[in-house]
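# Observations on the three-dimensional arrangement
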Amino acid sequence: MTPARPTIGVLALQGDVREHLAALEAGGAHAVTVRRLAELAAVDGLVLPGGESTTIDRLLRTFELREPLRERIAGGLPVYGSCAGMILLADRVLDGAPDQETLGGLDITVRRNAFGRQVESWEEDLPLEGVTAAGEDVRAVFIRAPWVEEAGPDVRVLARVGSGPAAGRIVAVRHGGLLATSFHPEITGDDRVHRYFVEMVRSQDGPPVDRPGGTTSTE
Ligand code: GLN
């Protein structure tokens, strides 16, 4: 059984690790960094932070964490990926770097740096299904962010961009124990998304099914 205060790791190879640790603690978890196999083995859930997905992909191999992490995801480890973390969780990536691979597990196609063609960054208050109450939107901060170009039939869309050039694009999804946002709630001092993830870890509501795993794809 998952304890009331679950241990949730933040993959600490690159990216905004500290902000996620603080948000997880505020959200009710015991937050720890994960860089080594033994640390990965000790967590009830994991956050893949924002940063640079190609760099994190490379470091996952260097630290020999890529395969063990793929195995844990396949075994039902709850994972929350923010921005670069969303890319790492996606089964398919468009506009990836040559040879870029993902961990996979989440039946979505993401377009990397999708906002970057129009605007480097974008901010908007958005309702997030299951997370926000009416009239209490989250401040969504997008930084060279991906969006979800396509989501599989079992994936729940939690949020879409409401206005501007990217209006209607999917930016938050959930499938079983996997959660991903294009934006960075950890930098706004709002811990609701992390609290929601801590609750997911507590209830361990099972692994997604029929997950083919990460693929390589560039456009
Ligand atoms: N553009 C980055 C990538 O491709 C993601 C940016 C971010 O995490 N803020 O990985």
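Residues numbered from 1 in each chain as written. Predicted model: local features only at pLDDT ≥ 70, side-chain atom pairs only at ≥ 80, totals over all residues. Heavy atoms only, no water.

## A look at the packing of aromatic side chains
This structure, assessed with the given rule, holds four aromatic pairs. With centroids separated by 5.9 Å and ring planes inclined at 45°, the aromatic side chains of Tyr-80 and Phe-197 adopt a geometry described as tilted. Placement of Tyr-80 in strand S4 (residues 79–82) and of Phe-197 in helix H6 (residues 192–203) is noted, with a sequence separation of 117 residues between them. You can call Tyr-80 buried: its relative accessible area is 0%. Ring pairs connect the aromatic residues Phe-115, Phe-142, Trp-147 and Phe-183, which therefore count as one cluster. (Phe/Tyr/Trp six-rings, centres within 6.5 Å; stacked < 30°, edge-to-face > 60°. Helix = DSSP H or I, 4+ residues; strand = E, 2+ residues; numbered from the N terminus. Buried < 20%, exposed > 50% of the residue type's maximum accessible area, 1.4 Å probe, protein only.)

## Observations concerning the site of the ligand
The environment of the ligand is formed by Gly-50, Gly-51, Glu-52, Ser-53, Cys-83, Ala-84, Ile-87, Arg-112, Asn-113, Ile-143, Arg-144 and His-184. Here Ser-53 contributes a backbone N or O atom positioned 2.5 Å from an oxygen atom of the ligand. One nitrogen or oxygen atom from the main chain of Ala-84 is found 3.0 Å from an oxygen atom belonging to the ligand. Looking at side-chain class alone, the shell around the ligand contains four nonpolar, five polar and three charged residues. (Near = heavy atom within 4 Å. Polar contact = N/O pair within 3.5 Å; in protein donor to acceptor, adjacent residues only side chain to side chain. Nonpolar A, V, L, I, M, F, W, Y, C, P; charged D, E, K, R; others polar.)

## Points about the nonpolar core
Side chains of nonpolar character tend, in soluble globular proteins, to be buried together. Judged by nonpolar contacts, the single largest core of 36 residues is most densely connected at Leu-24, Phe-115, Leu-128, Phe-142, Val-171 and Phe-197. Those elements that place two or more of their residues in this core are strand S1 (7–11), helix H1 (17–26), strand S7 (121–126), strand S8 (138–143), strand S10 (156–160), strand S11 (170–175) and H6. Here this core gets six residues from one element, more than from any other, and that element is H6. Core analysis: the next-biggest nonpolar cluster, separate from the first, contains 32 residues, Val-34, Val-43, Leu-69 and Leu-178 among them. (Core = buried A, V, L, I, M, F, W, Y, C linked by side-chain atoms within 4.5 Å.)

## As for the pairing of strand S6 (residues 106–111)
Burial analysis of S6 places five of its six residues in the buried class, the great majority of the element. By the bridge criterion, four bridges tie strand S5 (residues 90–94) to S6 in an arrangement that is parallel. Counted as the bridge partner of Leu-94 is Arg-111 from S6. Two elements, S6 and strand S9 (residues 147–151), share four bridges in a ladder whose sense is antiparallel. Along S9, the bridge assignment pairs Arg-111 with Trp-147. (Pairing = 2+ DSSP bridges.)

## Remarks on the pairing of S4
On a regular strand, one side chain projects to one face of the sheet and the next to the other, so that they alternate. Neither face of S4 is left uncovered, since the one carrying Val-79 and Gly-81 and the one carrying Tyr-80 and Ser-82 both have all their residues buried. Pairing of strand S3 (residues 45–48) with S4, which is carried by three bridges, proceeds in the parallel orientation. Paired with Leu-48 across the two strands is Gly-81, which belongs to S4. One ladder, built from four bridges, connects S4 with strand S12 (residues 178–181); its direction is parallel. Bridge pairing in S12 links Ser-82 to Thr-181.

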